[in-house]
Amino acid sequence: MQFTREIQRLILLFGIGFGAVALVAAYWAVIGAETISSRDDNPRVIEDLARIQRGAIYDRDGALLVESVADDNGIVTRRYRFDSTYSALGYYSLRYGEDGIESTYNSQLSGEDQPYDLESFIHEDVLHYPQQGQDIQVTLDLEIQQRAATLLNGHRGAIVVMSIPDGAIHALVSLPTYNPNMLDTNWEDFVKAEGNPFFNRALLGTYQPGSVIQIGLITAALLNNISLNTTYADATLPIEVDDVVLNCVQPSTLTELTLSQAFTYGCPAPFAAIVEQIGLQRIESVLNTFRNAPHLIDPEATPEPLTTFTLEDALGQGEITYSPLEMAAIIAAVINGGNAPQPYLVEAIKQDDIWQPITSVRPTTPIITPEISRQLQGILRLSVLEGTAQSAAQTGLDIGGQAGIGYAGDSSHVWFIGFVRLVSNQGFAVAVVIEDSDDIDLPASIGGELLALAAMENQSP
């Protein structure tokens, strides 16, 4: 009997042991599996992430810009094919994450937004094929993008080329930049590099507008019934604001100028007189309207109000700053009946081998009246003919623009904002800013060449 009881106890212990093993196995198979799979250090998870076939990125004409290339083991490397597009597209790295378009459209490019259905289960969990993302098409024109990057090479600054009236960005360049193909090996070098190559100057740069703010001051003058033919004595005298002395951007042999001529030569004295005549409050109101031009990153964003508004702000040397993208939207409004287009950089996503547009509705923001936009076109053309923006002139094209200088600390930067008009309100806007320079001909010549290239590629046959 004693032996039988020992056998029974042994069997019971074995039963309890097997039961415990079964319960533990069941837990990790059913409940705990998700916990394991979600651990960052799970080799299987890391391997699955490394094998994801992210969607490709194409330019507006179908040129392949970014692709995913798998090695013999199925490990995928993201390949960026053109150095001119580095700053426009951002990066993807398994180690360092993603940025730019790669971040904004990560769920589509990675395939995370795809429904998990029976087909997905069989494809990924049964057959162990890698997750497949969707291709996207950006608005960039590779030829214009490459030319813009070449023209800006060797300088710090940014360029934006935007089509009107839709707001599609055909070129977006920020320099210095980094090589996303070398991100994993050179990350620390990029982080420490002079000029902060990860900072996108075209989208996020905050630059004093300097004398190009005169386009807003002209608008304020017209809204307050001050004619472009109003004359100002001693129009070429310098104006001192804070510790900066502002002179005419383009020298003039005349001392008495009309308001139109003062804009053409970028002379600050008549505009200081306008600020005094109209009052800071009205000037601030008009410039705030310009500051409400649409943004790419956050279309609903509104600028922070200034605690105080001074003559320094009104003349473009204070706290009011603009990014090149904002400047491009403002100049686009000039030939779009006063309506600034909403900039956009992604055109379509491929679904079932068909390109599906992101949206068919492109909102605009009114910032000036149609009549004022017409008058601004005239003085911007005059500036290209005989004023600050002469270097932007291109034979046979309707180009208007303004070149100017802004000052920040001990350095200066130069601007060109301009347009080329094709038919009706269609055309292109460009904004160029170059840091650590006082050569206004440089951004104007770059802007004029890019406007001519955009016009040539988009003229009706």
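Cut-offs applied
- Residues numbered from 1 in each chain as written.
- Predicted model: local features only at pLDDT ≥ 70, side-chain atom pairs only at ≥ 80, totals over all residues.
- Heavy atoms only, no water.
- Helix = DSSP H or I, 4+ residues; strand = E, 2+ residues; numbered from the N terminus.
- Buried < 20%, exposed > 50% of the residue type's maximum accessible area, 1.4 Å probe, protein only.
- Contact = heavy atoms within 4.5 Å.
- Areas by Shrake-Rupley, 256 points an atom, 1.4 Å probe, with all protein chains shown as cover.
- Pairing = 2+ DSSP bridges.
- Phe/Tyr/Trp six-rings, centres within 6.5 Å; stacked < 30°, edge-to-face > 60°.
- Disulfide = S-S within 2.5 Å.
- Axes fitted to C-alpha atoms, helices over the stretch in contact; angles between N-to-C directions.
- Parallel < 35°, antiparallel > 145°, perpendicular 65-115°, else oblique.
- Left-handed = near helix turned anticlockwise from the far one by under 90°.
- Nonpolar A, V, L, I, M, F, W, Y, C, P; charged D, E, K, R; others polar.

Let's shift gears to the overall build of the protein chain. When you go through the protein chain residue by residue, the secondary structure sums to 17 helices and 19 strands. The 461 residues of the protein chain split such that 48% are buried. Counting contacts in the protein chain only where the partners sit at least 6 residues apart, residues at least 24 apart contribute 66% of the total. If you sum the accessible surface of the protein chain, you get close to 22100 Å²; carbon and sulfur atoms cover 51% of it.

With that out of the way, let us pick up the sheet that holds strand β1 (residues 57-58). Strand order across the open sheet formed by six strands is β3-β2-β1-β6-β14-β15, with mixed pairing between neighbours. Unpaired on one side and paired on the other, β3 (76-80) and β15 (354-357) mark the two borders of the sheet. Here strand β6 (residues 136-138) pairs with strand β14 (residues 346-351) via three bridges, running antiparallel. When the sheet's bridge partners are listed, Gln-137 is paired in β14 with Ala-348.

On inspection of all chains with the given rule, the structure shows ten aromatic pairs. Ring plane angle 80° and centroid distance 6.1 Å describe the contact between Tyr-91 and Trp-187, whose orientation is recorded as edge-to-face. Highlighted residues: Tyr-91 in strand β4 (residues 91-93) and Trp-187 in helix α8 (residues 183-192), separated in sequence by 96 residues. For the ring pair Tyr-91 and Phe-198, a centre distance of 6.0 Å and an interplane angle of 70° mean the geometry is edge-to-face. Placement of Tyr-91 in strand β4 and of Phe-198 in the loop between α8 and α9 (201-204) is noted, with a sequence separation of 107 residues between them. Phe-198 gets classed as partly exposed once you look at its relative accessible area, which sits at 22%.

Moving on, we get to the state of the cysteines. Under the definition given, this model contains one disulfide. One disulfide bridge connects Cys-248 with Cys-267, the sulfur atoms lying 2.1 Å from each other. The chirality of the disulfide connecting Cys-248 with Cys-267 is right-handed, given an S-S dihedral of about 115°. Here Cys-248, found in the loop between β11 (244-246) and β12 (257-258), pairs with Cys-267, found in the loop between α11 (259-265) and α12 (269-278); they are 19 residues apart in sequence, far enough to count as distant. Note on accessibility: Cys-248 and Cys-267 belong to one class, buried.

Contact pair helix α10 (residues 214-223) / α12: the axes reach a minimum separation of 10 Å and the direction vectors enclose 40°. Considering their axes alone, α10 and α12 lie oblique with respect to each other. Where α10 crosses over α12, the handedness of that crossing is left-handed. Residue-level inspection shows Gln-214, Leu-217, Ile-218, Ala-220 and Ala-221 of α10 in contact with α12, the latter providing Phe-271, Ile-274, Val-275 and Ile-278. Across the contact of α10 with α12, the residue classes tally to eight nonpolar, one polar and no charged.

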